[in-house]
Amino acid sequence: MAPALRLLLAFLAIGSCTAADHVDLWPMPKTVSHGTQRLYVSNNATMSMAGSKYSDGKAILKDAFQRMLDLMKLNHNADGANPSSSLLTGVNIVVLSTQDELGFEVDESYNLTVPTIGEPLHAQIEAQTVFGALHALQTFSQLCHFEFTSRIIGLNSAPWMISDAPRFPYRGLLIDTSRHYLPLATIKGVIDAMTYSKLNVLHWHIVDEQSFPIEIPSYPKLWNGSYSYSERYTMPDAIDIVRYAEKRGVNVLAEIDVPGHARSWGVGYPELWPSDSCREPLDVSNNFTFKVIDGILSDFSKVFKFKFVHLGGDEVNTSCWTETPHIKEWLNNNHMNVSDAYRYFVLRAQKIAISHGYEVINWEETFNNFGDKLDRKTVVHNWLGGDVAPKVVAAGLRCIVSNQDKWYLDHLDATWEGFYLNEPLKGINNTEQQRLVIGGEVCMWGEQIDASDIEQTIWPRAAAAAERLWSPLEQIAEDTRSATSRLSRFRCLLNQRGVAAAPLAGNGRTAPYEPGPCVRQ
């Protein structure tokens, strides 16, 4: 009898339930069906790849499977005896594509089945790409739990049939290493936690006016603008972060914010400042400014392989340009006012990025001021308010939604309910225009966070947005009260996995209210 037919008969015999029947998965998959039988996962569970076209030459699946086993044990000593029946011996993974290069809009879909009959009994994952298979392993890990009585891994409500795919291809989280330095281990911890809720873009806001912590081989004095000698990232460090993220299905988006937010650049190269007393935005009149940007992006292109680079462009105070005699003369000679110069700078920086093979993301001020002049492949990053995305897509440009009133994690008065209910397609009814919203991003700006408090400031609110970005609209709760129990359990799971996620009750980064079990906090 064919495996699919055996599984169907098992469902008919046991009865199945829908996703509404107490499924504690986060984010909610596209479709879920399950039964009522308890299984156990062998202490010697193995991964097989029978029928797969993918060779796993980079050990992406091998390493992910081992991480999954470790997550399921939650550091407990799983030394119980395997039962003689109802035992899952492992997971068979079928990947249909031989490719394992992580790119934008890579197929992340998967099918996961956990049968109750078969010899041997194993879970089955089928995915178009290895990155879909990674998501399936994360989902499987949430089905499992450590049983304290038997001291092995249990799996309830089998058989399971799950078919899943993301709603948006871009599901981002911004970290800011310019306001406070974040150690490499902290960044890797953020990446690990992102995978648990299926976020797939780490937006690395690397530099800003306060510090320039990254090595740029083309202009080695730039990181003189770091806070200290020890608060820096070498190029091998950046390569390590990118590789670490890619093996987990996470793209790394690098940002340099120009022409504003760049005072730290001039510590190593003072000629980038308009003057010693007026230090930003970068000197638009000096060709050296654009040579430095070219050098940075040339070096970035060897490390950050994501198709996009973020060039900022926000909050540009142009008063230094009019207050500095040589720039004022340059403006007059080129028949420009400061608005013209702002546009000139952004468009020239875009051309440099494009010459290095990138497509460009800019903050929304560039669109608000001269949207019709931007390169037509520009992605506009919304942050100021909720009415910009409809205007961006109506103009034919792509958009990422991060409106600060809902998806800024540094706003500690912003509750998880607001994160959950924020709809990226609000006000966009045209189907073609909806496709131009490539996704959204929650932003962890660093003015009041460092390695000591970043995790509890991000989680679980970022996970609330993650379900909005991953799950189909019909699976997203219209009333947050119906999602509270699932998110509470996911927050507890994060804690058990070593992620310092804060309680749901209260504002961001809140403390537990009183003694009690995790799910009641």
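These numbers were taken from a predicted model, which means no experiment stands behind them.

K.L.:
In this structure, what is going on with the state of the cysteines? I would like to understand it.
P.N.:
Should the sulfur atoms of two cysteines be covalently bonded, the bond is a disulfide. Summed over all chains, the structure comprises two disulfides. The connectivity of the disulfides in the chain is 1-2, 3-4, where the numbers refer to bonded cysteines in sequence order. Not part of a disulfide, Cys399 finds its nearest cysteine sulfur in Cys443, a span of 12 Å. For Cys443, a relative accessible area of 0% puts it in the buried group.

K.L.:
Any chance you could explain helix H17 (residues 461-470) here in plain terms?
P.N.:
Residues three or four positions apart in an α-helix share a direction because the helix packs 3.6 residues into each turn. Counting buried positions along H17 yields ten of ten residues, so the element is predominantly enclosed. By the burial criterion, the buried members of H17 are Arg461, Ala462, Ala463, Ala464, Ala465, Ala466, Glu467, Arg468, Leu469 and Trp470.

K.L.:
Please explain the UniProt feature "domain: Glycoside hydrolase family 20 catalytic" (unreviewed entry) in the chain as it appears in this structure.
P.N.:
Mapped onto this numbering, the UniProt entry gives "domain: Glycoside hydrolase family 20 catalytic" (unreviewed entry) at residues 168-472. Measuring from the first to the last C-alpha atom of residues 168-472 gives 9 Å, for a span that is 39% helix and 13% strand.

K.L.:
Mind showing me how you'd approach the UniProt feature "domain: Beta-hexosaminidase eukaryotic type N-terminal" (unreviewed entry) in the chain here?
P.N.:
Cross-referencing UniProt, the feature "domain: Beta-hexosaminidase eukaryotic type N-terminal" (unreviewed entry) maps to residues 25-143 in the present numbering. Taken end to end, residues 25-143 is 24% helix and 32% strand, and its first and last C-alpha atoms sit 7 Å apart.

K.L.:
Mind showing me how you'd approach the domain arrangement of the chain here?
P.N.:
Reports of interface size often rely on the accessible area that becomes lost once the parts have come together. Domain annotation of the chain identifies domain 1 (31-164) and domain 2 (170-508). Counting residues at the interface gives 21 residues for domain 1 and 22 residues for domain 2. Both sides of the domain 1 and domain 2 interface together cover about 1,900 Å² of buried area, and 54% of this is carbon and sulfur. Connecting domain 1 to domain 2 are two salt bridges. Two residues, Lys247 and Asp63, come together in a salt bridge whose shortest N-O distance is 2.5 Å. Counting residues per element, the ones that place at least two in the side of domain 1 that touches domain 2 are helix H2 (60-73) and helix H3 (130-143). By residue number, the principal contributor to the side of domain 1 that touches domain 2 is H3, which donates seven residues. Split by residue class, the side of domain 1 that touches domain 2 holds nine nonpolar, seven polar and five charged.

The rules we used
- Residues numbered from 1 in each chain as written.
- Predicted model: local features only at pLDDT ≥ 70, side-chain atom pairs only at ≥ 80, totals over all residues.
- Heavy atoms only, no water.
- Disulfide = S-S within 2.5 Å.
- Buried < 20%, exposed > 50% of the residue type's maximum accessible area, 1.4 Å probe, protein only.
- Helix = DSSP H or I, 4+ residues; strand = E, 2+ residues; numbered from the N terminus.
- UniProt positions renumbered as here; feature names shortened; annotations may be inferred.
- Domains from an automatic or database assignment.
- Contact = heavy atoms within 4.5 Å.
- Buried area = accessible area lost by both parts, 1.4 Å probe.
- Salt bridge = Lys/Arg side-chain N within 4 Å of Asp/Glu carboxyl O.
- Nonpolar A, V, L, I, M, F, W, Y, C, P; charged D, E, K, R; others polar.

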